[in-house]
Amino acid sequence: MHRRIWIWGLGCLALFAARVTAAELDAPTTAFLKQHCVRCHNDKKTEGELRLDQLGDDLADGRTFEQWQAVVARLRAGDMPPKDQPKPPAADVATVLRRVSSRLDAAALARRAEGRTTLRRLNRTEYENTVRDLFAVEVAVKELLPEDTIAFGFDNVGSALSVSPVLIEQYLEAADAVITAALAPLAKGASTQETHLLKDTIPEYFKGCHFIGDETYLFRSDANPTHLSKWRAKEPGLYRFKVHTRAHQSTVPLTLAVLAGNFNGAAGSARRVGYYDVLPGKPEPIEIVIRLATRETFKVEPTALPKIYLKTEAFDEYPGPMVVVGAIDIEGPLPEVWPTESYLRVMGEADPKKGTLEDAKTILGKLLPKAFRRPTTEEDLQPYLKLVSDSLENKKPFDESLRVGLKAILCSPRFLYLKEPAGALDDFALASRLSYFLWSSMPDRQLFQAAFKGELKQPAVLRAQTERMLQDPKAQRFVENFTGQWLGLRDIDFTTPDPQLYPEFDDSLKWSMVRETQLFFEELLKNDLSTHNFVDSDFTIVNDRLAKHYGIPNITGITHRKVQLLPEYHRGGVLAHGSVLKVTANGTTTSPVLRGVWVLDRIMGAAAKPPPASVPAIEPDIRGAVTIRDQLAKHRQIESCAACHADIDPPGFALESYDVIGGYREKYRAVGTREKVRVPDSNILKYLARPNYGWGPTVEAGDQLKDGRKFADLAEFKKLLLTDADQVPRCVAQKLMVYATGSPIQYGDTAEIEKIVSQIKNKNYGLRSTVHAVVASPLFQSK
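Residues numbered from 1 in each chain as written. Predicted model: local features only at pLDDT ≥ 70, side-chain atom pairs only at ≥ 80, totals over all residues. Heavy atoms only, no water.

Student: Any chance you could explain the overall build of the protein chain here in plain terms?
Tutor: Across its full length, the protein chain holds 24 helices and 18 strands. Per-residue burial for the protein chain yields a buried fraction of 52% across its 783 residues. Put simply, 73% of the contacts in the protein chain that link residues at least 6 apart link residues at least 24 apart. A total of about 36,700 Å² of accessible surface is found on the protein chain, and carbon and sulfur atoms cover 53% of it. (Helix = DSSP H or I, 4+ residues; strand = E, 2+ residues; numbered from the N terminus. Buried < 20%, exposed > 50% of the residue type's maximum accessible area, 1.4 Å probe, protein only. Contact = heavy atoms within 4.5 Å. Areas by Shrake-Rupley, 256 points an atom, 1.4 Å probe, with all protein chains shown as cover.)

Below you can see the structure in the form of structure tokens.
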């Protein structure tokens with residue numbers, strides 16, 4: 001009771017302070033704006049689309065608050081007034097900043113009393129992980145739910161996660177799929193053993209292979225119809241495949257991709273199982289266990305082999321590498337233990353047809369606190385138990401009746417939403433916030449027990465739990481989800497590189513790029529390495545496919561490993577990762593604008609504003625006749641564009657020495673140019689498909705920062721970027737806080753972010769230390 005009165009009084013005090021400050025600010029602030037700002041930001045010009053002649057005074061209004069924030073940010077940065085306009089006295093600027101900032105602080109404090117985080121539901125990734133952990137079942141329900149809206153760079157921000165009647169229907173469908181998968185019987189058929197030859201399944205029209213005896217020699221890796229079309233799983237279950245294979249005419253391992261699916265033309269489905277090394281010498285079996293659905297089959301596909309044209313009669317003289325596939329042994333469905341863990345979590349010991357209401361009470365009573373992520377009462381249980389009771393009274397079977405109650409739980413707001421009371425989080429809300437931060441899922445038994453004992457809010461206990469969770473395999477979800485959104489890795493398939501300009505790009509290279517960035521993040525997190533490494537590092541993590549792409553010698557095998565970098569590799573930090581360079585380009589050209597915006601937002605923590613609607617986008621000339629630098633120079637002559645491009649273009653030009661798939665370049669690739677690409681001398685030269693592209697103009701990667709400092713390339717830009725030691729760690733802390741709390745960084749949060757930066761400074765800005773500092777922050781531990 002006292003706490004509620006204190007919070008209410010604090011809110012009233014903040015609102016009172018805001019009103020008093022507004023009266024004091026009115027005259028001097030209005031005069032300042034009229035004299036220095038309104039002449040550009042009015043109904044006639046509206047520079048930056050910010051109307052200061054109509055700027056409101058009610059900071060309780062979100063739009064007005066954001067506009068005043070923008071005014072303060074531009075004044076502090078010295079961006080306004082523009083360089084060609086008279087500057088106001090520094091003392092006047094300081095006075096206005098002090099007055100407006102005081103008012104914004106007061107308004108932010110008022111908001112804080114209500115909580116900075118909006119009521120947040122589980123996004124579809126969190127939903128899938130939660131039902132997987134709740135029922136110990138492997139089921140893909142994410143695709144049954146609509147994509148979540150991205151806000152402030154992430155898909156778990158509460159204000160963007162709306163609910164509609166259609167979504168509830170989809171949740172019911174997803175719940176049905178979960179329960180069905182959990183209760184699914186195991187394969188009843190006896191396990192069988194079969195042997196198949198790849199040569200027997202490849203159609204005659206395919207010219208990418210050659211047959212000798214029972215072996216299939218695969219010498220190109222694009223568009224291979226190399227699935228076992230004559231074998232399909234008769235029933236769902238686990239199947240073991242042994243692929244007898246070897247590398248031919250190669251002294252280093254070659255790579256074999258393994259996929260599973262139905263592969264029925266356009267309607268088919270395929271999922272990557274993994275990539276495997278194929279060794280030179282005698283045939284060695286690659287053993288893989290895969291869970292298949294009925295009618296699914298198995299596919300092998302070599303990767304990164306040269307794109308060649310080889311006639312049958314020329315096979316004997318062809319000296320290039322090949323993957324040889326012999327017999328494929330299949331065993332399955334493999335025996336599994338019944339009842340499964342997932343079945344027991346749903347049905348318990350009850351008979352599915354003769355169970356009683358008391359059985360349902362036991363089952364739902366155990367499930368409810370786990371599903372709702374906090375202790376529950378008999379009263380909480382009754383609505384769900386009544387649904388089961390009503391169904392049983394209507395003579396429905398027990399398993400069908402129980403399903404009704406389970407579906408209601410999985411569609412309950414208490415399951416779908418994270419319950420976070422205003423003010424400091426209680427132990428159970430804190431447990432959920434921590435688990436959804438690091439695992440994208442519900443708390444486990446240990447975390448729940450710490451909350452139940454009331455110990456989780458103790459700093460030592462919270463830190464120990466955080467450390468334990470980071471060491472758990474489920475922390476891989478944090479790595480993938482956070483990097484996938486912060487660095488944009490989820491967009492890796494958003495564009496497809498033009499095969500005429502970038503014929504070397506393939507699926508294995510794409511996968512290798514993404515794994516490099518994920519493993520790089522893991523390395524920093526595991527060893528608490530400095531977040532400065534995101535900008536510049538003396539190592540990276542590559543496999544043979546990616547090393548070849550980067551020009552790093554003496555790396556063999558599909559397994560990624562840590563390698564030391566030399567200057568001539570032109571790598572170091574995520575800015576030079578192929579994954580980042582691909583997602584910041586389209587399939588044909590690069591744009592310093594797109595990449596500059598990305599660097600400002602994701603690395604420097606200074607998101608660029610969207611361009612005015614009246615200004616057309618710049619389209620790079622794919623013929624290579626006009627450079628993007630020339631086009632941007634003309635674009636910056638537009639007055640409303642110049643100020644923003646002074647921030648955007650330099651980091652974008654710093655990355656201009658990298659093409660759309662992250663390859664280092666000194667000249668642009670272009671179609672129909674004068675200077676054609678020279679193919680390196682090779683004993684397989686006459687078999688290679690000739691490139692269709694040539695070389696365009698020379699790349700110019702240098703530029704000048706807004707403060708006048710110049711750089712010639714990415715290496716020099718990175719040094720300039722790190723002169724402000726706090727900038728990148730601050731950005732990383734902000735991004736982690738948004739992801740961890742599901743709320744954007746607001747005006748009143750700045751001081752807490754600076755505290756985090758100050759704390760991790762003594763730890764060399766370590767990434768693991770940053771995660772711990774975020775968890776220990778009042779922003780994380782309160783609504």
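Student: What is the right way to read the environment of Val574 from this model?
Tutor: Along the polypeptide, Val574 turns up in the loop between strand E13 (561-564) and helix H17 (578-583). Since its relative accessible area comes to 1%, Val574 is described here as buried. Along the backbone, Val574 and Asn533 are 41 residues apart, and their C-alpha atoms lie at a distance of 8.0 Å. Sequence-distant contacts of Val574, defined by excluding residues within four places in its chain, comprise Leu487, Thr517, Phe520, Asn533, Phe534, Val580 and Ile603.

Student: What's the story with the nonpolar core in this structure? I'm lost.
Tutor: Across soluble globular proteins, nonpolar side chains show a tendency to be buried alongside one another. One finds Phe437, Phe478 and Ile603 to be the most contacted residues of the largest nonpolar core, which totals 78 residues. If we ignore the near neighbours within four places in the chain, the residues touching Phe478 are Phe437, Leu438, Thr483, Phe521, Leu525, Leu736, Tyr739 and Val771. The next biggest cluster of nonpolar side chains, apart from the first, holds 44 residues, and it includes Leu167, Ile179, Leu402 and Leu406. (Core = buried A, V, L, I, M, F, W, Y, C linked by side-chain atoms within 4.5 Å.)

Student: Even after reading the chapter, I still don't get the sheet that holds strand E9 (residues 297-303), so can you show me in this structure?
Tutor: Backbone hydrogen bonds are what pair the strands of a sheet, in a parallel or an antiparallel way. Spatial ordering of the open sheet is given by E7-E6-E9, a layout of three strands whose pairing is antiparallel. Of all the strands in the sheet, just strand E7 (270-278) and E9 have a single pairing partner and so form its edges. The sheet shows a mean angle of 25 degrees between the axes of neighbouring strands, direction not considered. Where strand E6 (residues 254-261) meets E7, eight bridges bridge the pair, whose relative direction is antiparallel. Its bridge partner being in E7, Leu259 is matched across the sheet by Arg272. Each of E7 and E9 touches helix H15 (residues 507-527); the most contacted strand, E7, lies at about 85 degrees to it. (Pairing = 2+ DSSP bridges. Axes fitted to C-alpha atoms, helices over the stretch in contact; angles between N-to-C directions.)

Student: I tried to follow the packing of aromatic side chains on my own but got confused; where do I start?
Tutor: How two aromatic rings sit relative to each other is set out by the distance from centre to centre and by the angle between their planes. What the rule picks out here adds up to 30 aromatic pairs. Here the aromatic rings of Phe154 and Tyr739 are separated by 5.6 Å at their centres, their planes lie at 55 degrees, and the arrangement is tilted. Taken together, the positions of Phe154 in the loop between helix H4 (124-135) and helix H5 (165-183) and Tyr739 in helix H22 (residues 727-741) put the pair 585 residues apart, joining distant regions of the chain. Tyr739 shares its class with Phe154; the two are buried. Taken together through their ring pairs, the aromatic side chains of Phe154, Phe437, Phe478, Phe482, Trp486, Phe520, Phe521, Phe534, Phe539, Tyr739 and Phe780 make up a single cluster. In this arrangement the basic side chain of Lys474 is found over the ring face of Trp439, its NZ or CZ atom lying 4.0 Å from the centre. Directly above the ring of Tyr550 sits Arg571, whose terminal nitrogen or CZ lies 3.8 Å from the centroid. (Phe/Tyr/Trp six-rings, centres within 6.5 Å; stacked < 30°, edge-to-face > 60°. Lys NZ or Arg CZ within 6 Å of the ring centre and 35° of its normal.)

Student: What exactly am I supposed to notice about the side chain of Thr770 here?
Tutor: Mapped onto the fold, Thr770 is located in helix H24 (residues 767-776). Relative accessible area serves as the criterion here: at 0%, Thr770 is assigned to the buried category. Excluding residues within four positions of it along the chain, Thr770 makes contact with Thr531, Ala733, Leu736, Ile760 and Tyr765.

Student: Is there a simple way to explain the environment of Asp498 in this structure?
Tutor: Its location among the elements puts Asp498 in the loop between helix H14 (476-486) and H15. Separated by 89 residues in sequence, Asp498 and Gly587 place their C-alpha atoms 5.5 Å apart. Filtering out sequence-adjacent residues up to four positions away, Asp498 remains in contact with Gly587 and Thr588. Polar side-chain contacts of Asp498 include one of 2.9 Å to the backbone nitrogen of Gln500. (Polar contact = N/O pair within 3.5 Å; in protein donor to acceptor, adjacent residues only side chain to side chain.)

Student: Can you walk me through the pairing of strand E5 (residues 237-248) in this structure?
Tutor: Regular strands place their side chains on alternate faces of the sheet. Inspection of the sheet shows E5 paired to strand E8 (residues 284-292) by nine bridges, in the antiparallel sense. Looking across to E8, one finds that Phe241 is bridged to Ile288. Alignment of E5 against strand E10 (residues 322-332), held across eight bridges, turns out to be antiparallel. Looking across to E10, one finds that Arg246 is bridged to Val324.

Student: Mind showing me how you'd approach a nonpolar patch on the surface here?
Tutor: On the surface, Val163, Ile168 and Leu172 cluster together to form a nonpolar patch covering roughly 200 Å² of accessible area. By the secondary structure assignment, Leu172 is in helix H5. (Patch = residues over 30% accessible without salt bridge, like charges linked within 9 Å, V, L, I, M, F, W, Y side chains within 5 Å. Salt bridge = Lys/Arg side-chain N within 4 Å of Asp/Glu carboxyl O.)

Student: Could you clarify how one ought to interpret helix H18 (residues 592-602) in this entry?
Tutor: Each α-helix winds once per 3.6 residues, and so residues spaced three or four apart point in a common direction. In terms of burial, H18 is largely enclosed, as eight of its 11 residues are buried. Of all the residues in H18, the buried ones are Pro592, Val593, Arg595, Gly596, Trp598, Val599, Leu600 and Arg602.

Student: In this structure, what is going on with unusual backbone geometry? I would like to understand it.
Tutor: Glycine aside, residues mostly have negative phi angles, and peptide bonds mostly take the trans form. Following Gly332, the chain continues to Pro333 via a peptide bond in cis, the omega torsion being -5 degrees. Of note, the bond from Trp338 into Pro339 is cis; its omega dihedral lies within 30 degrees of zero at 0 degrees. Looking at the secondary structure, you find Pro339 in the loop between E10 and helix H6 (341-347). Positive phi, close to 55 degrees, is recorded for Ser440, a residue that is not glycine.

Student: Please explain the packing of H15 against H24 as it appears in this structure.
Tutor: Each pair of packed helices can be described by the angle between their axes along with the distance between the axes. Interhelical geometry of H15 versus H24 gives an angle of 70 degrees and a closest axis separation of 5 Å. When the axis of H15 is compared with that of H24, the two are roughly perpendicular. Contact with H15, carried on its side by Phe521, Leu524, Leu525 and Lys526, involves Leu767, Arg768 and Val771 of H24 and no other residues of that element. (Parallel < 35°, antiparallel > 145°, perpendicular 65-115°, else oblique.)

Student: What should I look at first to understand the pattern of salt bridges in this one?
Tutor: Note that side chains of opposite charge can pair when their charged atoms are close. Counted according to the given criterion, the structure contains 36 salt bridges. Across the pair Arg271 and Glu296 runs a salt bridge, and its minimum N-O distance is 2.9 Å. A residue pair is termed long-range when its members are at least 10 positions apart, and Arg271 in strand E7 and Glu296 in the loop between E8 and E9 qualify at 25 residues. With a relative accessible area of 33%, Arg271 lands in the partly exposed category. Salt-bridge contacts for Arg602 lead to Asp601; the nearest nitrogen and oxygen are separated by 3.1 Å. A single network of salt bridges, built from pairs that share partners, joins Arg272, Asp493, Asp507 and Lys510.

Student: I tried to follow the packing of H22 against H24 on my own but got confused; where do I start?
Tutor: Viewed as axis vectors pointing N to C, H22 and H24 meet at an angle of 50 degrees, and their least axial separation amounts to 10 Å. Relative to H24, the element H22 lies oblique. Classified by chirality, the crossing of H24 by H22 is right-handed. On H24, the residues that touch Val732, Ala733, Leu736, Met737 and Ala740 of H22 are Leu767, Thr770, Val771 and Val774. The residue makeup of the contact of H22 with H24, split by class, is eight nonpolar, one polar and no charged. (Left-handed = near helix turned anticlockwise from the far one by under 90°. Nonpolar A, V, L, I, M, F, W, Y, C, P; charged D, E, K, R; others polar.)

Student: Looking at this structure, how should I read H14?
Tutor: Burial of H14 is extensive: nine of the 11 residues sit out of reach of the surface. Among the residues of H14, Arg477, Phe478, Val479, Asn481, Phe482, Thr483, Gly484, Gln485 and Trp486 are the ones counted as buried. One or two steps after H14, the chain reaches Gly488, where phi turns positive at roughly 80 degrees.

Student: Would you mind going over the confidence of the model for the protein chain with me for this structure?
Tutor: Detailed reading of the predicted model is not advised wherever pLDDT is low. Taken as a whole, the protein chain shows an average pLDDT of 86; of its residues, 83% reach a score of 70 or greater. Here residues 1-25 is a poorly scored stretch, pLDDT under 50, and it has 22 contacts once near neighbours within four places are set aside; other chains count. (pLDDT = per-residue confidence, 0-100.)

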